[in-house]
Number of protein chains: 4
Amino acid sequence: MKPLNIGLIGYGFMGRTHTNGYKRVNDFFPELKHRPILKAVCGRNEEKVKEFADQWQYESTESDWRDLIARDDIDAVDICTPNNSHAEIAIAAAKAGKMILCEKPLALNPAEGEKMVEAIEKAGVANTVWYNYRRVPAVTMAKQLIDEGRLGRVFHYRANFLQDWTINEDLPQGGAALWRLDAAAAGSGVTGDLLAHCIDTAIWLNGSIKDVTAMTETFVKERMHNETGKKEPVTIDDACAFLCHFQNGSLGLFESTRYARGHKALYTFEINGENASIRWDLHDLHRLEYFDHNDEGKLRGWRSIHISDHDGSQPYMDKWWVPGLNIGYEHTFVHQVADFIKSIETGETMRPSFRDALETQRVCDAVLKSAASHTWKNV
Amino acid sequence: MKPLNIGLIGYGFMGRTHTNGYKRVNDFFPELKHRPILKAVCGRNEEKVKEFADQWQYESTESDWRDLIARDDIDAVDICTPNNSHAEIAIAAAKAGKMILCEKPLALNPAEGEKMVEAIEKAGVANTVWYNYRRVPAVTMAKQLIDEGRLGRVFHYRANFLQDWTINEDLPQGGAALWRLDAAAAGSGVTGDLLAHCIDTAIWLNGSIKDVTAMTETFVKERMHNETGKKEPVTIDDACAFLCHFQNGSLGLFESTRYARGHKALYTFEINGENASIRWDLHDLHRLEYFDHNDEGKLRGWRSIHISDHDGSQPYMDKWWVPGLNIGYEHTFVHQVADFIKSIETGETMRPSFRDALETQRVCDAVLKSAASHTWKNV
Amino acid sequence: MKPLNIGLIGYGFMGRTHTNGYKRVNDFFPELKHRPILKAVCGRNEEKVKEFADQWQYESTESDWRDLIARDDIDAVDICTPNNSHAEIAIAAAKAGKMILCEKPLALNPAEGEKMVEAIEKAGVANTVWYNYRRVPAVTMAKQLIDEGRLGRVFHYRANFLQDWTINEDLPQGGAALWRLDAAAAGSGVTGDLLAHCIDTAIWLNGSIKDVTAMTETFVKERMHNETGKKEPVTIDDACAFLCHFQNGSLGLFESTRYARGHKALYTFEINGENASIRWDLHDLHRLEYFDHNDEGKLRGWRSIHISDHDGSQPYMDKWWVPGLNIGYEHTFVHQVADFIKSIETGETMRPSFRDALETQRVCDAVLKSAASHTWKNV
Amino acid sequence: MKPLNIGLIGYGFMGRTHTNGYKRVNDFFPELKHRPILKAVCGRNEEKVKEFADQWQYESTESDWRDLIARDDIDAVDICTPNNSHAEIAIAAAKAGKMILCEKPLALNPAEGEKMVEAIEKAGVANTVWYNYRRVPAVTMAKQLIDEGRLGRVFHYRANFLQDWTINEDLPQGGAALWRLDAAAAGSGVTGDLLAHCIDTAIWLNGSIKDVTAMTETFVKERMHNETGKKEPVTIDDACAFLCHFQNGSLGLFESTRYARGHKALYTFEINGENASIRWDLHDLHRLEYFDHNDEGKLRGWRSIHISDHDGSQPYMDKWWVPGLNIGYEHTFVHQVADFIKSIETGETMRPSFRDALETQRVCDAVLKSAASHTWKNV
């Protein structure tokens, strides 16, 4: 078993999910020849980063990411910082020859993203972006079904990601906990945070997006800012919706918001094809809904496929428990670590790559520009 | 179009549902050659029976059922009175050569039921008992699927009928509105009222029941009686559950209660066969759930079949609207009237017949005796 | 009981649903002082219209709608013809002083609609348009909850109406059965047929729509035309989606299509407010989903309200059966007839009126123009 | 951080779930002062046990459980062997002063169980039995709601555990993989394997069971035996159902089977109280269904509570991710390890204890005896 020395930058929510992925992957994927080693975690607040290192058993800590990248004993750098530092860190890490696993969205905008892709491809280092929902077993199966041609010509793709956690006007913005509400740190609001997930999955399942017409809204116009201590204008989009055409001729509808009372993380998508349709919902991530028009007439109906009742033909469920017993959200990160290690071992390109994530970034950019200009925009 | 002159005895809840069936059947089953004519309705309270006749357009009223049966212009007698008068009325009607449509349960007990069957078969008159749930389109389709052999060997049958309307201790018992809470009028509580439905469907779908072990309970021991004006012991079973063996070797589980908070009329059944399983729920009566083990492995799942999306192979849905548009509870009675008229026109025996209902009565009787004696009872 | 003499023009699917409404209303709404009388039905094919009249018990037939309107014994004209004749018939009927019940959409376009409203208001005749989904009990309850202020500030409204019946390329267009696929007869495709329902409900529940950006698609470009016998270009929109702003500041998303495999009549809407959210689905029309943020924290969840379990505070369910027992699609038309008769008896304006339907027509028009021009359009 | 040295005996399915619990507990419960150390795993097949030790990072292996118990460096013995060795191992471990975590069911029968409880209580060692479903967060919340008195008087408790994995007659019995089909190793079939879970939860939530009437069935009478290589009679119960009375006066219905086509691990329970009802289903373990009769009349409905949307008042969910993001089956074992360690640290009795598990054993025994004798049995 060879070590794969991990250096984690940022230890927030995503730092936890990734770390859990590193620690568990060999228990469940014994065929791997590498074991991730939690070499170092990096954060500016020394006390907090040590606390995190203690809890999760990192061997050491750093307070400056440049120091972490400079270390010889780090093989792979995992970027879990706010979006406005992804580019600088990733480019430096690429130059240092490190493998890179970067949180989504790739960057603040396509211009940054292009530089990152250029750097990484020039350095030739292994890379991936954590669009983890591709590796929900039910979503992976949707991809299989589409690749097997079961849907036929696709007519419609619709997706939304609905949350409700920012309705309260007293919630502040900015700072370590709430940088997602501050466009300076996040680049955008729900577009980069939530729609980016929907777009990544959509491109993976249904191909490229051609053009978009979008609408954004900021429902709460001012919030206390954690860094200035004053009420400041809210700079992000609270909600974003867009219509689009896919290259394959199908129509797309996308929506995300943090103002949909009653939904915590309702990421759903549905694809309607000539022969079959598929839908999925993160709230019940272990089920795939499937309608097959080729079923016998009187017995046609949406099937609720409990993904644990697998037949061994999909890559993840036979690693876990037995039929009927669910896995959850965190497992998507274990799967992504497993596939990343496999890509190292086989030499195949890990997906989604930085280049894949750049395409998603470009769609996000077209969406934001369409909303700002009230016109259709090509991607 | 020939007239089928109806004489209705009793004008409570079931009087309404049957009358609606008579009035609507020719609009939706134009192939029928008979039209039900609402000739007379009979009830002891002259004012109320006239009010009912006015609302529903009956041509005349009677206050004594013997007078109604004596009329030459009545072809079919419909018995919607409390259970303790079914036998006397049905036997008299049979002697008068009338067709008979009798509310369920057939009688107070098997002894009464046997006399009724004897009378009706001796008279050779058309007859049926209103076990209307056989004619919910989804239930009818369950029967089709079973008859087509899709389930294979059956292992399990379970059914329940759960309500919650008698939890309140202040609810009185007895009288016109609440005779169902008085064993003198009803024969039993939930066993005859609710379980009888479950048993009729079960025998129809899965064959005869061999033996039972049962448990009953009366949760509220005393209630004000509407006829005496005093608190009296409650004589009915508030809840009843039983285990049984079917003749085909499968195991049965049945339960009914009026104390299941949150359920209004949760009549559900599920059948587990070697190759496929079926389940259904009256609360969503337009759906049939179906699991087929012969489906491709990774795509196995319970299908939710919206019964309106039919292929024309079942007898009722193409009479109504278009796919996606539901029918409801009352339509089962329209279907039963349609099938009754068809049986007259074709000479085929209408099911469920009095004889069918007698078998259900015998199971109810075995259940009540098992509960009273704490022993298994053969049917 | 006073007669309300009905003259029905057109006897297709909607002719059946309306007629059923007229025939059943007094059985279930005994407080009404008028009884609809099926005086005459009108259609160009004399044989077929007589057959319809026989089945449904109309007293007479006409083959020219002008003759029907000219009859003194007709109080109310019900227009169930293809959309391209609504305006001419309605204006003539108004001039003749008849009450008018018109199928939706009101007209081919707003210009026609304005003339109709002008005619009807000048004549001062009772009028309504059959946007029947307002009178699904669960939808009516949604309106109650909103009017009671339970949602607070509304952020999002989304609706779709998904069908799948035109995917087959061999389906022809035009003629008596398929005029909905011919823009000359229908005005538009899914926009007027399906989205119009969504828009009517939305305006009723959430107020006026300010501006829209839309996208339409015709997936099958040519179909055999029933009238020419040749392949002709398809002139309707097969699918239509739009984003919009409501006057109250909320964002709207609407979609309809006849190419959503697996959905027969999936009319759904969801409204997200500050304090509560509501959703509803025509496939399970007897349920209203409700989320109340004011519920105790750990017990918050979407409630599935079985509309039959009512407390008497809504206008329809206590007319029918008992809790747990469903009504269906056709009952919405009975309700609309009942409310129309009540409006005659009380003098209150019946809703939706022609004027209400004109607003919906204007939104449809803006949607179609936005899609054609690829720009945002004000309503 | 103090070590808690674990010695695991048996490394099958349960060996994996427990080991995962030990390895993850400190990542998510940082307040614990002990860290489980995977000191040794014991199994008779030396090659396989070493492979397991390698995969899961156990420090050493043993091939005789007596050697493991004899080791000074083991604090806690975890028994994951077939049921027929639980008693001998547990009694020896107690004598050796080890803490004991024993897989369920406790023993082959109550006589064995009594000796085990006696040994463990005499030794005064910490102990628990892995009835893990108590620690599904939704089930834990059900317990909270009941303890808060929200249900009022309880009328009904029903539970079932339905699987379908032994329908195939070609499946053999016995040996390492299929000892659950051999009564010599397992004691019973579904009664000890599945119903025991239902009974443990039921007693925890609803109190003791007084008497039972039961029915068992063996659908496939002979199977190839892995140890003899010949067709042998099947000695276990394939299915078991029973009715019962609880001490609190409520009625119980329980069923389990491995012949319910379409169900993989459908463990469900429902409790109907005077004021509220609760239901839960392992297939969607992250949801609790709740009906509260005290809700406003027109808004009463079953709530689907997504357990991730917690308010911090329950003990587990705030350890994991954020609202909307599910955990799964394996987390119940992490919770049980966490609570076991807390019990060591606080001195409070860990539940379920051996004594608790003995009560469940007694109910199982009464069930099997009732089925064999066709009579009611007291527990």
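Conventions used here
Residues numbered from 1 in each chain as written. Chains lettered and ligands numbered in written order. Predicted model: local features only at pLDDT ≥ 70, side-chain atom pairs only at ≥ 80, totals over all residues. Heavy atoms only, no water. Least-squares fit on C-alpha atoms with pLDDT ≥ 70 in both. Contact = heavy atoms within 4.5 Å. Buried < 20%, exposed > 50% of the residue type's maximum accessible area, 1.4 Å probe, protein only. Helix = DSSP H or I, 4+ residues; strand = E, 2+ residues; numbered from the N terminus. Salt bridge = Lys/Arg side-chain N within 4 Å of Asp/Glu carboxyl O. Phe/Tyr/Trp six-rings, centres within 6.5 Å; stacked < 30°, edge-to-face > 60°. Lys NZ or Arg CZ within 6 Å of the ring centre and 35° of its normal. Buried area = accessible area lost by both parts, 1.4 Å probe. Expected span 1.5 Å × (residues − 1). Disulfide = S-S within 2.5 Å. UniProt positions renumbered as here; feature names shortened; annotations may be inferred. Core = buried A, V, L, I, M, F, W, Y, C linked by side-chain atoms within 4.5 Å. Polar contact = N/O pair within 3.5 Å; in protein donor to acceptor, adjacent residues only side chain to side chain. Axes fitted to C-alpha atoms, helices over the stretch in contact; angles between N-to-C directions. Parallel < 35°, antiparallel > 145°, perpendicular 65-115°, else oblique. Nonpolar A, V, L, I, M, F, W, Y, C, P; charged D, E, K, R; others polar. Domains from an automatic or database assignment. Pairing = 2+ DSSP bridges. Right-handed = clockwise from strand over helix to strand, strands pointing away. 1 Å grid on protein atoms, 1.4 Å probe; cavity = no way out; pocket = protein on both sides within 12 Å on 5 of 7 lines; lining within 4 Å. Points joined across faces, edges and corners; volume = space filled by probe spheres on them.

### Some thoughts on the relation of the copies chain B and chain A
1) Next: You can overlay chain B on chain A at an RMSD of 0.0 Å; the transform is a turn of 180° with a shift of 0.0 Å along its axis. Here the two chains are linked by the operation of a two-fold rotation axis. Relative to the rotation axis, the closest C-alpha in chain B is found at B:Arg303, a distance of 2.0 Å.
2) Next: The fraction of interface residues of chain B whose copies in chain A are also interface residues reaches 100%, indicating that both copies meet through the same surface.

### Examining helix α4 (residues 86-95) of chain D
Residue and element names in this part refer to chain D.
1) Next: The element α4 is largely enclosed, with a buried count of 7 among its 10 residues.
2) Next: The set of residues buried in α4 consists of His86, Ala87, Ile89, Ala90, Ile91, Ala93 and Ala94.
3) Next: Residue Gly97 follows α4 closely and has a positive phi angle near 75°.

### Concerning the pattern of salt bridges
1) Next: Overall, the coordinates contain 128 salt bridges over all chains when judged by the stated rule.
2) Next: Here C:Arg71 ties to C:Glu62 by a salt bridge, and the two come within 2.9 Å at their closest N and O atoms.
3) Next: Through salt bridges with shared partners, one network takes in A:Arg24, A:Glu330, D:Arg24 and D:Glu330.

### Things to note about the packing of aromatic side chains
1) Next: By the definition in use, this model includes 112 aromatic pairs over all chains.
2) Next: An angle of 45° between the planes, with centres 5.8 Å apart, marks the rings of B:Phe291 and B:Trp302 as tilted. In this pair, B:Phe291 sits in strand β15 (residues 287-292) while B:Trp302 sits in strand β16 (residues 302-306), placing the two residues 11 residues apart along the sequence. Taken as a pair, B:Phe291 and B:Trp302 share a single burial class, namely buried.
3) Next: Note that A:Arg279 overlies the ring of A:Trp302, its terminal NZ or CZ placed 3.9 Å from the centroid.

### A short note on the interface of chain D and chain B
1) Next: Taken together, the contact pairs 42 residues of chain D with 42 residues of chain B.
2) Next: For the pair chain D and chain B, the two sides together bury roughly 3600 Å², of which 61% comes from carbon and sulfur.
3) Next: By the criterion of area lost to chain B, the three top residues of chain D are D:Met215, D:Phe219 and D:Arg261, representing 21% of everything that side buries.
4) Next: Along the contact surface separating chain D from chain B lie 2 salt bridges.
5) Next: Among the salt bridges present, the one from D:Glu255 reaches B:Arg158, with a minimum N-O distance of 2.6 Å.

### Quick word on helix α11 (residues 354-373) of chain D
All names here are of chain D.
1) Next: The terminal C-alpha atoms of α11 lie 28 Å apart, and with 20 residues this matches the ideal 28 Å at 1.5 Å per residue to within 8%.
2) Next: Three or more residues of α11 are buried, namely Phe354, Asp356, Ala357, Leu358, Thr360, Gln361, Val363, Cys364, Ala366, Val367, Ser370 and Ala371.
3) Next: After α11 finishes, the residue His374 shows a positive phi value of roughly 55°.

### What about the state of the cysteines?
1) Next: As enumerated under the stated definition, the model contains 0 disulfides over all chains in all.
2) Next: The thiol of B:Cys102 is unpaired, and the distance to the nearest cysteine sulfur, on B:Cys80, comes to 8.4 Å.
3) Next: With no disulfide partner, D:Cys364 has as its closest neighbouring cysteine sulfur the one in D:Cys240, 8.3 Å distant.

### Observations concerning the UniProt feature "domain: Gfo/Idh/MocA-like oxidoreductase N-terminal" (unreviewed entry) in chain A
1) Next: Feature annotation in UniProt assigns "domain: Gfo/Idh/MocA-like oxidoreductase N-terminal" (unreviewed entry) to the following positions: residues 4-129 of chain A.
2) Next: Annotation note: span residues 4-129 of chain A, helix share 45%, strand share 23%, distance between end C-alpha atoms 18 Å.

### Observations regarding unusual backbone geometry
1) Next: A cis amide bond, omega -5°, links A:Arg351 with the succeeding residue A:Pro352.
2) Next: Within the secondary structure layout, A:Pro352 lies in the loop between α10 (331-346) and α11 (354-373).
3) Next: A positive phi angle, near 55°, is found at C:His374, a position not held by glycine.
4) Next: Along the chain, C:His374 falls in the loop between α11 (354-373) and β17 (377-378).

### Regarding the nonpolar core
1) Next: Of all hydrophobic cores here, the largest spans 227 residues; its most connected members are B:Phe254, B:Phe269, B:Trp280, C:Phe254, C:Phe269 and C:Trp280.
2) Next: Sort the elements by how many residues they give to this core and helix α9 (residues 190-206) of chain B lands first, with 10 residues.
3) Next: Excluding its chain neighbours within four sequence positions, the residues that come into contact with B:Trp280 are B:Tyr133, B:Val136, B:Ala138, B:Val139, B:Tyr267, B:Thr268, B:Phe269, B:Leu285, B:Arg287 and B:Leu288.

### Quick look at the environment of D:Asn168
Residues and elements named next belong to chain D.
1) Next: Among the structural elements, Asn168 can be located in the loop between β7 (154-162) and α7 (175-178).
2) Next: Accessibility expressed as a relative area gives 44% for Asn168, which makes it partly exposed.
3) Next: A C-alpha to C-alpha distance of 8.9 Å links Asn168 and Val220, two positions 52 residues apart in sequence.
4) Next: At 2.8 Å, the side chain of Asn168 and the backbone nitrogen of Asp170 are in polar contact.

### Brief notes about the packing of helix α5 (residues 110-123) of chain A against α11(A)
Residue and element names in this part refer to chain A.
1) Next: Where α5 meets α11, the closest approach of the two axes is 9 Å, and the angle between their N-to-C directions is 170°. On the basis of the axis angle, α5 is roughly antiparallel to α11. Contact residues: Pro110, Gly113, Glu114, Met116, Val117, Ile120 and Glu121 in α5; Phe354, Arg355, Leu358, Gln361, Arg362 and Asp365 in α11.
2) Next: Considering only residue class, the contact of α5 with α11 consists of 6 nonpolar, 2 polar and 5 charged.

### As for the domain arrangement of chain A
All names here are of chain A.
1) Next: The domains assigned to chain A are domain 1 (2-132) and domain 2 (134-378).
2) Next: Of the roughly 4100 Å² buried between domain 1 and domain 2, counting both surfaces, carbon and sulfur atoms make up 67%.
3) Next: At the boundary of domain 1 and domain 2, one finds 6 salt bridges.
4) Next: Between Arg355 and Glu121 there is a salt bridge whose closest N-O contact spans 2.8 Å.

### Points about the environment of C:Phe340
All names here are of chain C.
1) Next: Examined against the element boundaries, Phe340 turns out to sit in helix α10 (residues 331-346).
2) Next: In sequence terms Phe340 and Gly324 are 16 residues apart; their C-alpha atoms lie 28 Å from each other.
3) Next: Once you skip the residues sitting within four places of it in the chain, Phe340 turns out to touch Met99, Leu101, Ala126, Asn127, Thr128 and Met350.

### Quick notes on the UniProt feature "domain: GFO/IDH/MocA-like oxidoreductase" (unreviewed entry) in chain A
1) Next: According to UniProt, the feature "domain: GFO/IDH/MocA-like oxidoreductase" (unreviewed entry) maps to residues 141-279 of chain A in the numbering used here.
2) Next: Span residues 141-279 of chain A is 23% helix and 37% strand, its end C-alpha atoms 11 Å apart.

### Regarding the sheet that holds strand β4 (residues 76-79) of chain D
Residues and elements named next belong to chain D.
1) Next: With parallel pairing, 6 strands are arranged side by side in an open sheet as β3-β2-β1-β4-β5-β6. Bordering the open sheet on either side are β3 (60-62) and β6 (127-129), each of which pairs with just one other strand. Averaged over all neighbouring strand pairs, the angle between strand axes comes to 25°, with direction disregarded.
2) Next: Pairing between strand β5 (residues 99-102) and β6: 3 bridges, direction parallel. Bridging across to β6, Ile100 finds its partner in Asn127.
3) Next: Here helix α2 (residues 46-56) sits on the sheet and contacts β1 (2-9), β2 (34-42) and β3; the angle it forms with β2, its principal contact strand, is near 155°.

### Comments concerning the pairing of strand β1 (residues 2-9) of chain A
Residues and elements named next belong to chain A.
1) Next: Within β1, 6 of the 8 residues are buried, leaving the element largely enclosed by the surrounding structure.
2) Next: By the bridge criterion, 8 bridges tie β1 to strand β2 (residues 34-42) in an arrangement that is parallel. Residue pairing for β2: Ile9 is matched across the bridge by Cys42.
3) Next: With helix α1 (residues 13-28) bridging β1 and its parallel neighbour β2, the resulting β-α-β unit is right-handed.
4) Next: Bridging between β1 and strand β4 (residues 76-79) involves 4 bridges; their strand directions are parallel.

### Remarks on the interface of chain B and chain A
The parts lose accessible area when they come together, and the size of an interface is often stated as this lost area.
1) Next: With 21 residues of chain B at the interface, the matching set in chain A holds 21 residues.
2) Next: For the chain B and chain A pair, buried surface summed over both sides reaches about 1800 Å², with 46% attributable to carbon and sulfur atoms.
3) Next: Of all residues in chain B, B:Lys298, B:Leu299 and B:Arg303 bury the most surface against chain A, accounting for 40% of the area lost on that side.
4) Next: Across the chain B-chain A interface, the total number found is 6 salt bridges.
5) Next: For B:Lys298, the salt bridge identified is with A:Glu148, shortest N-O distance 2.5 Å.
6) Next: Listing elements by their share of the side of chain B that touches chain A, those giving two or more residues are α6 (137-147), β15 and β16 of chain B.
7) Next: Top element by residues in the side of chain B that touches chain A is β16(B). It accounts for 4 residues.

### A short note on empty space enclosed by the protein
Residue and element names in this part refer to chain A.
1) Next: Across all of its chains, the model carries 7 cavities of 30 Å³ or more by this definition.
2) Next: Of the pockets and cavities examined, the second largest cavity occupies roughly 50 Å³.
3) Next: What lines the second largest cavity is simply Val136, Pro137, Leu285, His286, Ile307, Ser308, Met317, Asn326, Ile327 and Gly328.
4) Next: Of the residues contributing to the lining of the second largest cavity, the split by class is 6 nonpolar, 4 polar and no charged.

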